Amino acid sequence: MKITVTINGQKYQRDVQESQTLLGFLRADVGLTGTKGGCGAGECGACTVIMNGEAVNSCLVLAVEADGATLQTIEGETVKGKLSPVQDAFARHHAVQCGFCTPGMIMTVKDLLARNPKPSRDEVIHGIEGNFCRCTGYQQIIEAVLDATGQLKESDKEGLKYV
Amino acid sequence: MLHDFSYVAPTAVDELFTFLATHGTKTAVFSGGTDLFVNIRGGLSAPDYVVNLKSVPGLSDLSFDPKAGLSIGACVPVTRVLNDPTVNKKYGVIAKAAGELATHQLRNRATVVGNIVTASPCGDMSSPLLCYDAQVEIASAGGSRIVALKEFITGVKRTVLQPEEIVTRIIVPTTYAGTKGNYLKLKRIKGHDLGVVAVAMIATSKVIRVAISSAAPTPVLLPDFPASASAETIKESARKAISPIDDVRCTKEYRAFMVEEFIDRLHAEVKA
Ligand SMILES: Cc1cc2nc3c(=O)[nH]c(=O)nc-3n(C[C@H](O)[C@H](O)[C@H](O)COP(=O)(O)OP(=O)(O)OC[C@H]3O[C@@H](n4cnc5c(N)ncnc54)[C@H](O)[C@@H]3O)c2cc1C
Ligand code: FES
Ligand code: FES
């Protein structure tokens, strides 16, 4: 089936298999491999993208359902070589270790901040409950989000810089 | 996806029913797809056709009428119910349970109706809906019928639905609207998890209604209790109604214990 999708502001038209997932479409049909596939079953959140303004698990959405949709994926976060504020905070806080969860985590956080620009620590924890990170232990991720939203004291930021 | 299927997106109710009348036995309809696609991927379901209900107009209505009550259309995702001011005000226990269901991403897709049709013993929407005496509207080419939720779910992942039928909406009458109550769900972790056991309770000045999930093959609605009933009376009734099992999530003894613990806590809350 032929579908048209706008991804990060760019239009793509592809002929897709009707049983193809949105995750498979992004990675295999479009070649945008930033979005990751972990469990394929809604558990891990690695595949999170923003579809028509809502965070979804792209492994549980059909590509054909996205016909006409507007999507945001991790590839749209860095504009002209400049990291988005959330990406920048993740880098400074070492909220990335192996990086596998990061694209999904960042899209989830982006969606959270669009709904709630200054989430409390508890709201951040609750907001990312659908995203597993098996490396960082979440602490750095939570701090990165609090920093990106201007909620971290200067004393908490000592020693934080890119490596 | 491991299994290949054809995708069907009807644009009218009649078209949907005609399709189901012919191909119903080889078809799976879906809205959120959060159960269906997990099942297809796991090899538990292998339909020839997958029909998107979201393309059918008229199934996405979430509305409240002072006489008819709350109407939750087949394609209303859990997030909408969770954020709806009327649901929060008049059917607070439904909103509470909606917030306990899965994750934010999944709630954006998962529907209340899909949760009921899946008929899992641990589905988060069923206990609160049972307390509020929810009715299920079922339709097909042959017409429509209304079945009480407590008769709709007949066993583990079993319902009264026929292959050519769909659930068009859930109707929650006003009988218990605005009453006190709560939903307590026990999970293995703080994050998202299916319930180990869950109890919903609502109380008016006349009755206390209690429903229990994950403690029997279907969610269980206990018989009505007078408002004066003690926690002990409710627990005694619950002991007779449930048949918990051991599984990967916990033992039957722990389930039985936590059902009683939750009844105690909820009873104290509605009596406060
Ligand atoms: C990782 C993960 C975590 C989860 N956590 C929870 C949890 O904590 N609590 C919980 O309760 N559930 C949980 N679920 C289960 C799931 O999200 C819910 O059951 C969801 O509400 C189903 O709705 P849906 O619209 O996605 O259903 P779908 O997948 O679209 O459909 C489910 C089933 O119902 C049928 N169906 C759907 N709509 C209709 C209709 N209108 N008429 C007839 N048949 C229909 C489909 O054919 C299918 O068999 C979880 C799922 C995942 C993947
Ligand atoms: S790959 Fe989609 S949630 Fe894990
Ligand atoms: S950085 Fe490795 S899973 Fe999160």
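Source: prediction; values computed, not measured. (Residues numbered from 1 in each chain as written. Chains lettered and ligands numbered in written order. Predicted model: local features only at pLDDT ≥ 70, side-chain atom pairs only at ≥ 80, totals over all residues. Heavy atoms only, no water.)

Visitor: Let's hear about the pattern of salt bridges: which residues, and what values?
Guide: Residues and elements named next belong to chain A. Tallied over the full model, the rule gives 20 salt bridges over all chains. The partner of Asp88 in a salt bridge is Arg92, with the nearest N and O atoms 3.0 Å apart. With a gap of four residues between them, Asp88 and Arg92 both fall in helix H2 (residues 85-92), about one helical turn apart. The partly exposed category is assigned to Asp88, whose relative accessible area is 22%. (Salt bridge = Lys/Arg side-chain N within 4 Å of Asp/Glu carboxyl O. Helix = DSSP H or I, 4+ residues; strand = E, 2+ residues; numbered from the N terminus. Buried < 20%, exposed > 50% of the residue type's maximum accessible area, 1.4 Å probe, protein only.)

Visitor: Any details on the pairing of strand E7 (residues 143-148) of chain B? Residues and values, ideally.
Guide: All names here are of chain B. Two strands pair when backbone bridges link them, and strand E6 (residues 135-140) and E7 are joined in this way by six bridges, in the antiparallel orientation. Counted as the bridge partner of Gln135 is Ala148 from E7. Linkage of E6 to E7, two consecutive antiparallel strands, is achieved through a turn of two residues. (Pairing = 2+ DSSP bridges.)

Visitor: Give a description of the pairing of strand E10 (residues 166-172) of chain B that names residues and reports values.
Guide: Residues and elements named next belong to chain B. With six of seven residues buried, E10 lies mostly within the body of the structure. Sheet topology places strand E5 (residues 69-73) next to E10; four bridges connect them, and they run antiparallel. Bridge assignment links Ile72 to a residue of E10, and that residue is Ile170. Sheet topology places E6 next to E10; five bridges connect them, and they run antiparallel.

Visitor: Before we move on, can you summarise the domain arrangement of chain A with the specific residues and values?
Guide: Residues and elements named next belong to chain A. Domain assignment breaks chain A into domain 1 (2-76) and domain 2 (85-158). Between the C-alpha centres of domain 1 and domain 2 the distance comes to 23 Å. In this assembly, 17 residues from domain 1 lie in contact with twelve residues from domain 2. Summing both sides of the interface, domain 1 and domain 2 together bury roughly 1100 Å²; the carbon and sulfur share of this comes to 65%. Remark: the boundary between domain 1 and domain 2 carries zero salt bridges. Taken together, domain 1 and domain 2 are joined by three residue pairs in polar contact (both at pLDDT 80 or more). For the side of domain 1 that touches domain 2, the leading source of residues is strand E3 (residues 48-51), giving three residues. Counted by class, the side of domain 1 that touches domain 2 contains six nonpolar, eight polar and three charged residues. (Domains from an automatic or database assignment. Contact = heavy atoms within 4.5 Å. Buried area = accessible area lost by both parts, 1.4 Å probe. Polar contact = N/O pair within 3.5 Å; in protein donor to acceptor, adjacent residues only side chain to side chain. Nonpolar A, V, L, I, M, F, W, Y, C, P; charged D, E, K, R; others polar.)

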